Amino acid sequence: MDFPILTVLILLPAAAALLIALVPERRQELILPVGVALSILPIGLAGYLFFAFEKGVAAFQFVEKAPWYEPWGISWHLGVDGISLLLVVLTTILVPISLAASTTIADRLKLFVAMVLILEAGLIGVFLSVDLFLFFVFFEVILIPMYFIIGIWGSDRRIYAAVKFFIFTAFGSALMLAGIIAMALMYGTQTGQMSFDYSDMLQLSMSSNTELWLFGVFALAFAIKVPLFPLHTWLPDAHVEAPTAGSVLLAGVLLKLGTYGLLRFNLPLFPQATVKLVPVLAVLAVIGIIYGAAVATVQPDLKKLVAYSSVSHLGFIVVGIFALTSQGLQGGVIQMVNHGVTTGALFLLVGMIYERRHTKTIADFGGLARVMPIFAGIFLFTSFASIGLPGLNGFVGEFLVLLGSYTTLQPYAIVAAFGVVLAAVYLLWAYERVFTGPITKPENEKLLDLGLREIAIMAPLIALMLVLGLYPKPALDRIAPSTEAVLDRIVSVTDFEVPEPGRLADVFSREAP
Amino acid sequence: MSATYDVLYLAVGPEIILTLGAVLVLMIDVFRKPSARFHAWLVAGTMVAAAVVTWFQWDRVSAEGPFLAFSDMVVIDAYGVIAAFILLMVGALGLAVAWGMVERLGRRGAEGIVLVFMAIAGFQFMAVSANLVMMFMGLEIASISLYVLAGITRERPETDEAALKYFLLGSFASAVFIYGVALTFAGTGSVSVYEIGAFLRGNLVLEPGVLLIGMALLIAGLAFKVSAAPFHVWAPDTYQGSPAGIVGFMAAGAKVGAFAGLGRIVITAFPLYDTEWAIGLALLATISIATGTLLAIAQSDIRRLLAYSGVAHAGFILTGLTVGEAGMPAVWFYLTVYTVQLIGAFAVVAVVAGPTAAGSPLSDYEGLSKRSPFLAAVLALFMLAMSGVPLTAGFVGKFGVFAAAWRGGFEWLVIVALVASVAGFFFYLRVIVLMYMHEPAFAEAPGTMRARPEAVGALRWVLIVAVAITLVFGIYPSPVLDLVGKALPF
């Protein structure tokens, strides 16, 4: 048997969480460095995965399968494809960064580091699961560490935010569990053997009514996670109350579980319902884009601003996915990664300024560029990436999404494009109020600029923004075959046809696939 | 029909050993005052002997199939043997938790041991009886032991109240059950579950009114014992007032015994009325899940919280039982892991409150993670397991009963139960919030047991075992699921 790299990738952070417990109580100062060091290890594995990943293959790679409980048809079935590959890499990169940014946490630090590492194991598990039961297990398990991270180390209203986050998400996934059970039993009646396996679920034949219902319960669970308007109300609370590491991982990875789930499960498993319900999802997503951006614009609090900007950005991803075109799907996937990088970076920056001033209110700042030029520079750079300045990563994703949705969802694409404009408004206006002009508050005059540690934390993210912006081909090459396969399935099962030029496997070449 | 025997001591071996153990404890206690350590050895010996005999039963059932004994009063099948194993486990864990109480009771500690033995024996009789009158005997042996256990410390008026309430309402439920037996006899001319089943298969009952009322009363009587709503009103007061060390055993044992009896009755005696009882059980389940979950949210005492959560759990287990035999394996798995969680949770309560205390306000748990990280972590795990978070055995249990009910056509019930599970997070998480997210607000001097409670001795081991079972069977449930898959009634 080959080296079970995916299992190791899941177990490594979990083992690291246990190892942290061995750090002696007296050496508190060692906990965080050890945690960061241990969490860097998975990057190596994920990097290997990225480069060893065979381009041009749509199917799951590095597949591992072992029965878990055969009578129920549950197996430990892991695999990685173009849709999940980059998200796994993103997760492994964001975890050490968010740990390294958690130097202000003093209370029960060991538990904190362990929780972040368990969260990482769960997140990687979600992306790698090819069995619906397994997927659900990971999907639900990650709530626990995140709940503790928000609830213990968050700010004033942390308990409210943590419980709200937990209940919202748990509600969605409870109904999804009903859907999963129903599908497994349906497979049992059709073939005589219950199964939760993703590939088996693709073979299910179901009435269009059943498909609609199942689409509904899956979409509800994922829409809460994304979050789609009007299910987004948990997000500002959770993001704002969470400690920096929590916000980074929430925005960077957890939200992607929603869009990932829609793409991984809703589209291929329920193609008929997908085609039927495109308008519903697209309308909600576009409302989210504009609403999120509008609310972000008027936020007096910097962290809330970034939080609402996520609602807007995730709306883009959903529009891209439900455009059902090559460009839209690829743009959706790459935008998941981009949003993780840029919004993660923005939350880190907000955390850094909060550590210095203990306020996140925009009005408390002004003229910071004078005392913190490096910080200002990085903030502006990240804002540009988030807005979608050509040459930076945000542009690639937004451009592809708009291109893809213009073919099939023209009116929505036109409205969504205003989201890009609004993003420039809220981020640059915030930049203006925080960084430019004279220093108005005496407290801000003596602020220290970013130290070496903080620059080192930001550096990998900045590098990613540049690399993904200037040369996205390696990433898109790996994504495209898998998203094409999703599209192929929808086209072959339904009477939906992708209008030209919506089918271009390699979106940057002129050749037809 | 496989072999039947008139006298076969193996069939009632575990019960005989438990009874002998009880007599020994009492007699030795009268003549010489043995130490607590001596009692501990005696208890361990009795439990191990009972488990060994149960193993012989299992061996024989696997080799030769189920058998009846004592004029078809007792049936030994995989169903009964699994119940016996679960009950012995519950008894062993429960006694270990109660050991602090047994020691504190001094002279009357032996009585506590005896009552636990008798309760286990009674519940085992319920699980293996093939005859409704026999089942009633088991029910009474167990119930009366529990009534006394509820009030055994006699230190506080709350304890007396708990015991009295339990006794009065419990006797009423027993009366309901025996009335059900009488009406069933009137309808079918028999009190043997097999003969009832055979009669109903062979005869067309044109006016089954009396029979159905009889069946409903049997179900109602047992629903009381498992604290299913609307027969649950005794549970919160009894849980709150009884000595902390023994509540876990009382709650867990009653659930196993009564569910074993209930399953046997509906599956074996009334297979022809499966639509009727399925709807009845589904209604009971719905009411229990809704009542338990909603009322648990409003509690300010962790024991009342656990009592109402127990009502909801009775509902979840009933969800599995609505589909009868097909749901039984899931029910057994649920019972196995839930009773362990329950005893574990009450073990923590016993440590935090002291083994003989009555009442455990939730405020005692504020900041527990800083005062006693181990206890807080353990209780948090049990709360998560009870709420059904994956990778804990609680999730597998819930998944099993839900899948069974869904397959049996009770989709609506599963959806109700799933939504209620989410609502359940409100109160399970509240305990975790108090332990982890509140600062310790304890007025007493630091260093005292109340300020920094600590699990010691047998109790610590109970917690470790309960945690291990909750996690191992949550991650790798296959061995248990395979085992309980065979535990169908003969």
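Residues numbered from 1 in each chain as written. Chains lettered and ligands numbered in written order. Predicted model: local features only at pLDDT ≥ 70, side-chain atom pairs only at ≥ 80, totals over all residues.

**Some points on the overall build of chain B**
Worth spelling out the cut-off: The way it works is that DSSP assigns letters per residue, a run of H or I at least four long becomes a helix, a run of E at least two long becomes a strand, and they are numbered from the N terminus. We compute the radius of gyration from the C-alpha atoms alone; for a globule the expected value is 2.2 Å times N to the 0.38, where N is the number of residues. Here exposure depends only on C-beta density: within 10 Å of a residue's C-beta, 20 or more other C-beta atoms make it buried, 12 or fewer make it exposed, and intermediate numbers make it partly exposed, the C-beta atoms being placed from the backbone. Residue pairs are scored as contacts if the distance between their C-beta atoms, which are placed from the backbone, is within 7 Å.
Helices and strands together make up the secondary structure of chain B, namely 19 helices and two strands. A compact globule built from 490 residues should have a C-alpha radius of gyration of about 23 Å, and chain B, at 21 Å, falls within 12% of that. C-alpha extents for chain B along the principal axes are approximately 75 × 55 × 40 Å. A buried classification covers 63% of the 490 residues belonging to chain B. Put simply, 80% of the contacts in chain B that link residues at least 6 apart link residues at least 24 apart.

**A few points about the overall build of chain A**
Secondary structure summary: chain A contains 20 helices and two strands in total. A globule of 513 residues ought to have a C-alpha radius of gyration of about 24 Å, and chain A, at 22 Å, matches this closely. Each of the three principal axes of chain A carries a C-alpha extent, and together these read 70 × 55 × 40 Å. Within chain A, the proportion of its 513 residues that are buried is 60%. Long-range pairs, those at least 24 residues apart, make up 79% of the contacts in chain A with a sequence separation of at least 6.

**Brief notes about unusual backbone geometry**
Note that the residue after valine 226 of chain A, namely proline 227 of chain A, is joined by a cis bond; omega there is -10°. Here proline 227 of chain A shows up in the loop between helix H9 (208-225) and helix H10 (234-241). In this structure, proline 230 of chain A follows phenylalanine 229 of chain A across a cis peptide bond, with omega equal to 0°. Tracing the chain through its elements places proline 230 of chain A in the loop between H9 and H10. In the Ramachandran plot, aspartate 72 of chain B falls in the positive-phi region, its phi being about 60° despite a non-glycine side chain. Checked against the element boundaries, aspartate 72 of chain B lands in the loop between strand S1 (67-69) and strand S2 (74-76). At serine 227 of chain B, a residue that is not glycine, the phi angle is positive and equals roughly 55°. Note on placement: serine 227 of chain B falls in the loop between helix H8 (209-225) and helix H9 (234-241).

**Looking at the pairing of strand S2 (residues 74-80) of chain A**
Residues and elements named next belong to chain A. Note the following rule: Pairing between strands is defined by DSSP: at least two bridges between them are needed.
Burial of S2 is extensive: five of the seven residues sit out of reach of the surface. In terms of strand pairing, strand S1 (residues 61-69) meets S2 through six bridges, oriented antiparallel. Across the sheet, residue proline 67 finds its bridge partner in S2, namely serine 75. Where S1 hands over to S2, the hairpin turn is made up of four residues, of which glycine 73 adopts a positive phi near 70°.

**Quick word on helix H4 (residues 109-128) of chain B**
This is how the line gets drawn: A helix is expected to span 1.5 Å for every residue after the first.
With 20 residues, H4 of chain B should cover 28 Å at 1.5 Å per step; its first-to-last C-alpha distance of 29 Å lies within 8% of that length. Within H4 of chain B, 19 of the 20 residues are buried, leaving the element largely enclosed by the surrounding structure.

**Concerning the interface of chain B and chain A**
The condition that has to hold: Gly is put with the polar residues, along with every residue not named as nonpolar or charged; the nonpolar set is Ala, Val, Leu, Ile, Met, Phe, Trp, Tyr, Cys and Pro, and the charged set is Asp, Glu, Lys and Arg.
Taken together, the contacts link 23 residues of chain B with 23 residues of chain A. Among the elements of the structure, helix H16 (393-407), helix H17 (411-437) and helix H19 (478-485) of chain B are those that each provide at least two residues to the side of chain B that touches chain A. Here the element with the most residues in the side of chain B that touches chain A is H17 of chain B; it accounts for twelve residues. For the side of chain B that touches chain A, the per-class residue count stands at 20 nonpolar, two polar and one charged.

**Concerning the environment of serine 199 of chain A**
Residues and elements named next belong to chain A. Examined against the element boundaries, serine 199 turns out to sit in helix H8 (residues 198-201). Judged by the 13 C-beta atoms lying within 10 Å of it, serine 199 is partly exposed. C-alpha of serine 199 to C-alpha of leucine 269: the two residues are 70 residues apart in sequence and 9.5 Å apart in space.

**So, the environment of serine 405 of chain A**
Residue and element names in this part refer to chain A. Turning to its location among the elements, serine 405 is positioned in helix H17 (residues 393-408). Take serine 405: there are 32 C-beta atoms within 10 Å of it, and that puts it in the buried class. A C-alpha to C-alpha distance of 8.7 Å links serine 405 and isoleucine 321, two positions 84 residues apart in sequence. Those residues in contact with serine 405 that sit more than four places away from it in its chain are Val319, Gly320, Ala323, Gly328, Tyr412, Ala413 and Ala416.

**With respect to helix H2 (residues 28-52) of chain A**
Residue and element names in this part refer to chain A. Given a rise of 1.5 Å per residue, 25 residues ought to cover 36 Å, and the 38 Å separating the end C-alpha atoms of H2 matches this to within 8%. Among the residues of H2, Ile31, Leu32, Gly35, Leu38, Ser39, Pro42, Ala46 and Leu49 are the ones counted as buried. Contacts from the buried residues of H2 go to helix H1 (5-20), S1, S2, helix H3 (82-100) and helix H4 (109-128).

**Side note on the nonpolar core**
Threshold: As used here, a nonpolar core is made of buried Ala, Val, Leu, Ile, Met, Phe, Trp, Tyr and Cys residues. They are joined through C-beta atoms within 7 Å.
Counting residues in each nonpolar core, the largest one holds 415 residues, and the members touching the most others are Val318 and Val319 of chain A together with Val74, Ile343 and Leu379 of chain B. Each residue touching valine 318 of chain A, except ones within four places of it in the same chain, is listed here: Val226, Leu228, Thr259, Leu262, Leu281 and Ala285 of chain A.

**Focus on the packing of helix H10 (residues 244-269) of chain B against helix H13 (residues 328-353) of chain B**
Residue and element names in this part refer to chain B. This is how the line gets drawn: Between the N-to-C directions of two axes lies an angle of 0 to 180 degrees, each axis being a line fitted to C-alpha atoms and, for a helix, fitted only over the stretch in contact. Our angle categories are set so that under 35 degrees counts as roughly parallel, over 145 as roughly antiparallel, 65 to 115 as roughly perpendicular, and the remainder as oblique. Helix crossings get a hand from a simple test, with the near helix turned counterclockwise from the far one by less than a right angle marking a left-handed crossing and a clockwise turn marking a right-handed one.
Look at H10 against H13: their axes get within 7 Å of each other, and the N-to-C directions meet at 165°. Accordingly, the angle class assigned to the pair H10 and H13 is roughly antiparallel. As for the relative orientation of H10 and H13, their crossing is right-handed in sense. Residue-level contacts link Ala244, Gly245, Val247, Gly248, Phe249, Ala251, Ala252, Lys255, Val256, Phe259 and Gly263 of H10 to Met328, Val331, Leu335, Thr339, Leu342, Ile343, Phe346, Ala347, Val349, Ala350 and Ala353 of H13.

**Details of the packing of H9 of chain A against helix H12 (residues 271-297) of chain A**
Residues and elements named next belong to chain A. One can describe the packing of H9 onto H12 by two numbers: an axis separation of 8 Å at closest approach and a directional angle of 70°. Relative to H12, H9 is oriented roughly perpendicular. Where H9 crosses over H12, the handedness of that crossing is right-handed. In contact with Ser208, Glu211, Leu212 and Phe215 of H9, H12 contributes Gln272, Ala273, Thr274 and Leu277. Counted by class, the contact of H9 with H12 contains four nonpolar, three polar and one charged residues.

**Side note on the confidence of the model for chain A**
Stated formally: Per-residue confidence from the predictor is reported as pLDDT, a score between 0 and 100.
Averaged over all residues, the pLDDT of chain A equals 89, while 98% of them reach at least 70. The element-level mean pLDDT for chain A is lowest in helix H15 (residues 368-371) of chain A, coming to 86, with helix H5 (residues 132-141) of chain A highest at 93.

**Some thoughts on the environment of valine 337 of chain A**
Residues and elements named next belong to chain A. Take valine 337: it is sitting in helix H14 (residues 326-357). A C-alpha to C-alpha distance of 22 Å links valine 337 and proline 145, two positions 192 residues apart in sequence. Not counting the four nearest positions on each side in its chain, valine 337 is found in contact with Leu86, Leu87, Leu90 and Leu468.

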